[in-house]
Each structure stands twice: as structure tokens, then as C-alpha cells.
Amino acid sequence: MMSSSFNKFRVGISFVMMSIFYKSAVDSLSELSPQKYFSTLQPGKASLAYFCQADSPRTSIFLEELNEAVKPLQDYGISVAKVNCVKEETSRYCGKEKDLMKAYLFRGNILLREFPTDTLFDVNAIVAHVLFALLFNEVKYITTLEDLQNIENALKGKANIAFSYVRAIGTPEHRAVMEAAFVYGTTYKFFLTTETALLESIGTEDIENAHLYFFHCKQVLDLTEQCRRTLMEWPLTTLNIHRFIKTMEAPLVGVPVEFLVLHDVDLIISRVESNMHDEEIQEDEDEDMESPDMDIQDDEVAETVYRDRKRRLPLELTVELTEETFNETVVASDSIVLFYAGWQAVSMAFLQSYIDLAIKLKGTSTMLLTRVNCADWSDLCAKQNVTEFPVVKMYKEGKNPVSYTGMLGTEDLLKFIQLNRISCPVNITSVQEAEEYLSGELYKDLISYSSVLVLGLFSPNMTTAKEDFTEAGNYLKGCVITGIYSEEDVLILSNKYAATLPALLLARHKEGKIESIPLANSHAQDIVQIITNALLETFPEITVENLPIYLRLQKPLLILFSDGSINPQCKKAILTLVKEKHLDSLTPCWLNLKNTPVGRGILQAYFNTLPPLPLLVVVSLHSGGQVFAFPSDQAITEQNLLLWLKKLEAGLESHITILPAGEWKPPLPAYDFLSMMDAAGSQQPTRREALCTKEMDAQENDKKHEDKSASRKEPIETLRIKHWNRSNWFKEGEKSFRHDNKEL
């Protein structure tokens, strides 16, 4: 009996040992001669080989990692071998010493790719690089937003997209994406990038981690509609990508499904009772709706805020200030303060941009980002001369606060903060420093925020001119970088740049040129206007953000509509006419329909259907609203364009449409809170009014106890009514802009 058991045990040991030996033999790195290796290659089969001298060390970090990669590559049908070269070997892969620092990927006898061994630094890098090379048709590498938009448009109605960002090629995340593409590459279109700018352009602030987006393009049939995008919120691993893609294949449920595990009966009862209470509150709110149209806001901004009302903002990234903490905070540190009203739509919309700014500046800025809700602290806002919402002010020690007057967006506010890091105008003290300033070297970290660098040149005795320039520089702080040079040797710069003192030097780095403008008899406001005009591009791309700037010029717009990058021939023709001063009475610009999709709607309003592109039109917004189209059967050349413009000037061309002169009005009348309150007072109290009365009684009782404190916040409704007439006044001011901006 014992002998039988022992034999079984011995057989078991033998089986285990044979299994271990077999696995080791299969998963270990094969060592072959060049002749033997090439004889094993099979048509259509992939193989990775590392050639080295037969007498080279048999152990190294690279060989250890290559040995680790044998099993995962074999799972994908890719063999791996170490090829030992002898001195008399004639193979070209064994001939040169530098070739022995490379690994080679073959498909059959065809060489696909060679890899320097320093790029195959670990098993993840080896697997990622090999699969990337084999799947070059399935996984495309892209670098720009334009590439992504072109791909998205091309695949609408055809296929869904898996778009990945990894910090570098060869990382574990890159391997995970390539392994997923190996499985799903025939079902979905995979695209990869390592460009942080591309990631930021699609709205992701976190560039420290890898990301995967799923673009739902297959169901999109309208080319003007953007594909819905879903971000994978788990770490980028092969298993997580598989789970995510399987989830994307499931029917759309609208919102993420959350599971709640309760281990106690009392907890379950409490949970059900809480849900029933929430449903009752919702029913009460539904009963209070006066009409089916009440959820339709009378303003697009208000409607957007309403739709996003459940979005949680990370307000903890900014410091909330009160009447008690305001002074001590802005005195202790340089601060940006957002004054807003919690009940106002524009304030709440801009608050989202303000939080996005806080995310961008997290851990990098010495400027403290704070906020004051004027609905709670109206006295504080009044003391800071806040008469409209929202308002952003910058507070620096020993200086008056500076108000931000730019666009209510993240990028423009970021530019304002970054350019305020230096005190303008900058005092330049030597010719060498002036040259460094003009070249962009002096403030190269800020050059991306200021398209033009302005340098004022003055003789030491030009006191009044210097004061005017300094005043203008202070006014433009946060918009452009300005500097001043007023040393005895200023003529060196004056002669070099052919500038008659006093003068401005404008350094345009995109164009690589420096131009001079005389300042004789120019006051501060004149200098501001000169610099402001200099900031405008000669032939700008029109966007939603910069359109108001160019509308202020009160000139007809000469717009070139393009579906992508601008046609070089068209651009050359227009810039030539600009240089020759033929377009001084117009504002030449172009609109990229891929960057600004609203352009399609504009063209359809002009022509009823979308015409062939590129297309050139003249729009007289400020003089009758007439729209003229350049003949589609003519090429856009200098000669043809100049002849057409002369016909326009002579009244010999017919317009294609006239834009209506009507104003944009809200779909519903504005709320008149005073009338609503008067009407409510003349009626019998309803259940809700009884609650309001009870609440007002409670406020009156509280007020008796609060009279001891002179500075307490006002009730929100009181402040809302107080600012209602003022808000109406601002709406009236907006009407003129809306009239100018009617159809573009």
C-alpha cells in the first residue's frame, strides 16, 4: 500500500517537473544562429529578433526584459528569438557594431521595423512598440485638433472612435491601448496622441495621466453635429479598456448606474422613506409650475445654467470671502476676486469658467483666487464699487485694484492674470536689454499671451510724451506687454529701426518683423487706440470670441468661408490687396467652418443651401445689412477680386440677401417681480404663500436679534428685487450689441 502511494507521489513530481520544464522551454528566449533563424520564418508570421555576438554576455537588463516579453508576444502569434552572430557571419544584421544595438521586426522574410534597444527599455515598451508597428493601419497617430476633427467628420455615420492620450510611447498605458486595438481594431477606429495641446483642446485639464475617449460617431448623420464623447474614468489598463468598450456597446441608459449596498433592514427603510420624501417635494415643485413653458429660459445663458444646475463645481479650489475676511485676505496676498450673484445666470455661467481657471493654475500661481457672492454680501460689494455682475478685480499690495474688462472666458482671464505678473510699462535700461525685449527673450514665458510687444522710445527730456505713454501702458495692463526706453543712447535704436522720436516699436513675433509708428502730438487715449489697433490681425480667423472686437471697427466684413485650412492662393490674393491698401474700407477675415460650425448656419441663411467652398462674401452689417457674394465661377485672384470690389463700390453688383434689422428678443417676457408680488398680495394665500408668510415671520423675529450687528447679509429675494431695475438697464445696453451681431 505504501509502495503504491509512493509511486503515485513520484509520478506527480515527475509531471510537475515536466510541466515546469515545458513551460520554461516555451516561454524562454530561443537562441539561434542567423541561418537557422531565417529558415524558421514563415510567410505572414511576425517575429522579433535581437542579433548579438555569440561571445557577448548572456545576461543583461535588455535580455531579461526581452525574455519577459516572449510569453505576451506569443499570445499574439509573434515569435521572439536571440540570434547569435559569429565573426565570419555575412548577414547584414551581424555586420556592424551599431547594428547589434537594435532589434528587428519581421513579417515573413520582410523587415518591417528596426528598434534601437534603448527604446525597448522594459517588457511594456517591447510589447507596445511591436504591436504599434504591426497595427500601423489600425492605430493612427495624430498631432493636431484639425487632424482629429477631419477624422471625426470622415467617420460620422460610419464607425465609432477610440481616441487615446498617453504621455509617451512605450509606457504601460500605451501597451494597454495597443492590446485593446489588437482585439477591437476591426470594430472601432483607434487613434493615439502624445500631444498635450491636443488633449487640452478637447477640454481635458489633467495632462498628467493617460486618457481614453469613446466618440459615438456611428449614429451621427448630420455633419454639423459633433460626435458625443465619453471619457473612461478608470486607469488605462487592458482590462479596464475592455470593460469600458463593452459598456459603450451596451444600450444607452442616459446616466451612470450606481449600486448601493445596505446591510441593515433599518437602513433600507430609512432609504425608502427618504426617497418618498424627495418625490413629494418634487411633486410640490411640479404643481407650482405656472405653465409648460416656464422651464424655457428667456436667455440662452440662463437656459445653459439651468441645464447644468446639477453639475458639481469644485468650489474648494477658490476661497470664499465674507465681509469679515475680505480685507485681511486681499491685504495678506495678491488676489483675484470674482464678484458675482448666485441668482444671476451670467454670473453662474462665468463661475464655471472661473473654476476652470483655478484648475489650470492649481499649484503654479502665486495669485490667490477668491470669490464673493454679492447676493449674500451686498454691502461688501457696494464698498468695492461693484455695480454689475460678474466683475473680476485684481488686488495687489499698495496698488489700486485693477478691473478685468475682457471676455468672460477661461483663456482670456488667464491671459489677464499672466500678463499682470509684470508691471507695465517695463522700464528698459540698456540697448542690449531693449533688443532682448523686442526679440521676446526677456519675457519668453509670457510671449504666448502677447502677440505684439510694444516699446516706447523717448528722449530723456520728453517728459509729457513719456507720461502719456505710461498712462496708456497702465491702461492696457493685462492686454499687452509694454516697455519704455528713455536713455541717452536712444538714438541707436531710433536709427536702427528708422523711428522718429517719440515713437513706438511694435515687435510681431508670428510675422517676424518690427515696425515703427511716430507718436508726435499723441495723447494717452491716442496711444491706447494705436496699440489696440496694432493688436488686431491683418487677416484674422473669425471666431465667436473675437467677432465683437472686429465688429467695433464699424466696417463691412470681407469674409472668406473655408471648410478647413485656408486656401493659400486665396490668402495670398487678399494679403496682397491689404498690403496695397485696397481693403482699407473693409475688415478682411476668414471663417473656418470646422473650428466654428455656426458658419454653416450663417451660409444657409445667406444662400438657403450650403454653397461650394471656399466662398468670399461682403457683409455690410452697419449700413443696410446687404450681403454680396463673389462670383463662384471666378478664381479668387488679386485682379478678379479688385475688379469685383470696384463694381461693388460703383453699385454695379446685386446683393444676394438683406439681413433683417429686427432685434433678437427672448422667447418669454422678463419676470416683473414687483408685479408678481403685488398680484400675490391681492389674492387669498395659497399653501405655498402660507409657507412664505411663515418664513417671513421667522425672518422678522430673527431680525430683532440681528439689529445688534450693523453688517449682516440681506435676504436673497430682497437683493434680487433691488437689482432688478439695474439688470434691466444692462439688458437694454446689450440690445445694441445683439443688433450688430444679428446674423453675423
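Our structure's up above, just so we're on the same page.
What you see is a predicted model, and the numbers here were worked out from it, not measured in a lab.

Calculation criteria
Residues numbered from 1 in each chain as written. Predicted model: local features only at pLDDT ≥ 70, side-chain atom pairs only at ≥ 80, totals over all residues. Heavy atoms only, no water. Phe/Tyr/Trp six-rings, centres within 6.5 Å; stacked < 30°, edge-to-face > 60°. Lys NZ or Arg CZ within 6 Å of the ring centre and 35° of its normal. Salt bridge = Lys/Arg side-chain N within 4 Å of Asp/Glu carboxyl O. Helix = DSSP H or I, 4+ residues; strand = E, 2+ residues; numbered from the N terminus. Buried < 20%, exposed > 50% of the residue type's maximum accessible area, 1.4 Å probe, protein only. Pairing = 2+ DSSP bridges. Contact = heavy atoms within 4.5 Å. Axes fitted to C-alpha atoms, helices over the stretch in contact; angles between N-to-C directions. Disulfide = S-S within 2.5 Å. Polar contact = N/O pair within 3.5 Å; in protein donor to acceptor, adjacent residues only side chain to side chain. Expected span 1.5 Å × (residues − 1).

Considering the packing of aromatic side chains
Step number 1: Considering all chains together, one arrives at 24 aromatic pairs under this definition.
Step number 2: In textbook terms, an aromatic cluster arises when at least three aromatic residues are bridged by ring pairs, as seen for Tyr37, Phe38, Phe51, Tyr93, Tyr104 and Phe106.
Step number 3: The residue whose ring lies beneath Arg243 is Trp234, and the NZ or CZ to ring-centre distance is 4.2 Å.

Observations concerning the pattern of salt bridges
Step number 1: This structure, assessed with the given rule, holds 12 salt bridges.
Step number 2: Across the pair Glu114 and Lys102 runs a salt bridge whose closest N-O atoms are separated by 2.8 Å. Of this pair, Glu114 sits in strand β5 (residues 110-116) while Lys102 sits in strand β4 (residues 102-107); the two residues are 12 residues apart in sequence, bridging distant segments of the chain.
Step number 3: Residues Glu515 and Arg508 are paired through a salt bridge, measuring 2.7 Å at the closest nitrogen-oxygen approach.
Step number 4: Its relative accessible area of 27% is what places Glu515 among the partly exposed residues.
Step number 5: The exposure class of Arg508 is buried, given its relative accessible area of 16%.

Observations regarding the sheet that holds strand β13 (residues 368-373)
Step number 1: Pairing in this open sheet of 5 strands is mixed, and the strands run β11-β13-β12-β14-β15 from one edge to the other. If you trace the sheet from one side to the other, it starts and ends with β11 (319-320) and β15 (402-403), each paired once.
Step number 2: Together, β12 (335-340), β13 and β14 (391-395) form the strand contacts of helix α13 (residues 345-361), whose direction differs from that of β12 by roughly 160°.
Step number 3: Helix-sheet contacts for helix α15 (residues 410-419) involve β12, β14 and β15, and the interaxial angle to β14 is about 15°.

Remarks on the state of the cysteines
Step number 1: For the structure on display, the rule yields 2 disulfides.
Step number 2: Disulfide pairing is shown between Cys374 and Cys381; the S-S distance is 1.9 Å. Residues Cys374 and Cys381 are joined by a disulfide whose S-S torsion is about -90°; by sign, that bridge is left-handed.
Step number 3: Among the residues examined, Cys374 registers a relative accessible area of 1% and is labelled buried.
Step number 4: We note that Cys52 lacks a disulfide partner, and the nearest cysteine sulfur, in Cys85, lies 6.9 Å from it.

Thoughts on the environment of Ser39
Step number 1: Here Ser39 is to be found in helix α2 (residues 34-40).
Step number 2: A polar side-chain atom of Ser39 sits 2.6 Å from the main-chain carbonyl oxygen of Lys36.

Concerning helix α5 (residues 123-134)
Step number 1: In this model, α5 (12 residues) spans 17 Å end to end at C-alpha, consistent with the 16 Å of a helix rising 1.5 Å per residue.
Step number 2: With 12 of 12 residues buried, α5 lies mostly within the body of the structure.
Step number 3: Restricting attention to buried positions, one finds in α5 the residues Val123, Asn124, Ala125, Ile126, Val127, Ala128, His129, Val130, Leu131, Phe132, Ala133 and Leu134.
Step number 4: Where α5 begins, one side-chain oxygen reaches toward the backbone nitrogen of Asn124, 3.2 Å away; that side chain belongs to Asp122.

What about the sheet that holds strand β8 (residues 189-193)?
Step number 1: Read from one edge of the open sheet, 5 strands run β6-β8-β7-β9-β10, paired in mixed fashion. If you trace the sheet from one side to the other, it starts and ends with β6 (139-141) and β10 (228-231), each paired once. Strand-to-strand twist of the sheet, defined as the mean angle between neighbouring strand axes without regard to direction, takes the value 25°.
Step number 2: Note: β6 against β8, 3 bridges, orientation parallel. By the bridge assignment, Val139 is partnered in β8 with Phe190.
Step number 3: Across the sheet, helix α6 (residues 145-155) touches β7 (161-165), β8, β9 (211-216) and β10, and the angle it forms with β7 is around 165°.

Some details on unusual backbone geometry
Step number 1: A cis amide bond links Leu501 to the next residue, Pro502, at an omega of -10°.
Step number 2: Tracing the backbone shows Pro502 in the loop between α18 (490-496) and β19 (503-508).
Step number 3: Here Leu613 and Pro614 are connected by a cis peptide whose omega angle stands at 0°.
Step number 4: The topology assignment puts Pro614 in the loop between α22 (598-607) and β23 (615-619).
Step number 5: If you check the backbone angles, Ala498 has positive phi at about 50° while not being a glycine.
Step number 6: Note on Ala498: relative accessible area 63%, which makes it exposed.
Step number 7: Phi at Lys581 takes a positive value of approximately 70°, unusual for a residue other than glycine.
Step number 8: Within the fold, Lys581 resides in the loop between α21 (568-579) and β22 (587-592).
Step number 9: Taking relative accessible area as the criterion, Lys581 reaches 58% and is therefore assigned exposed.

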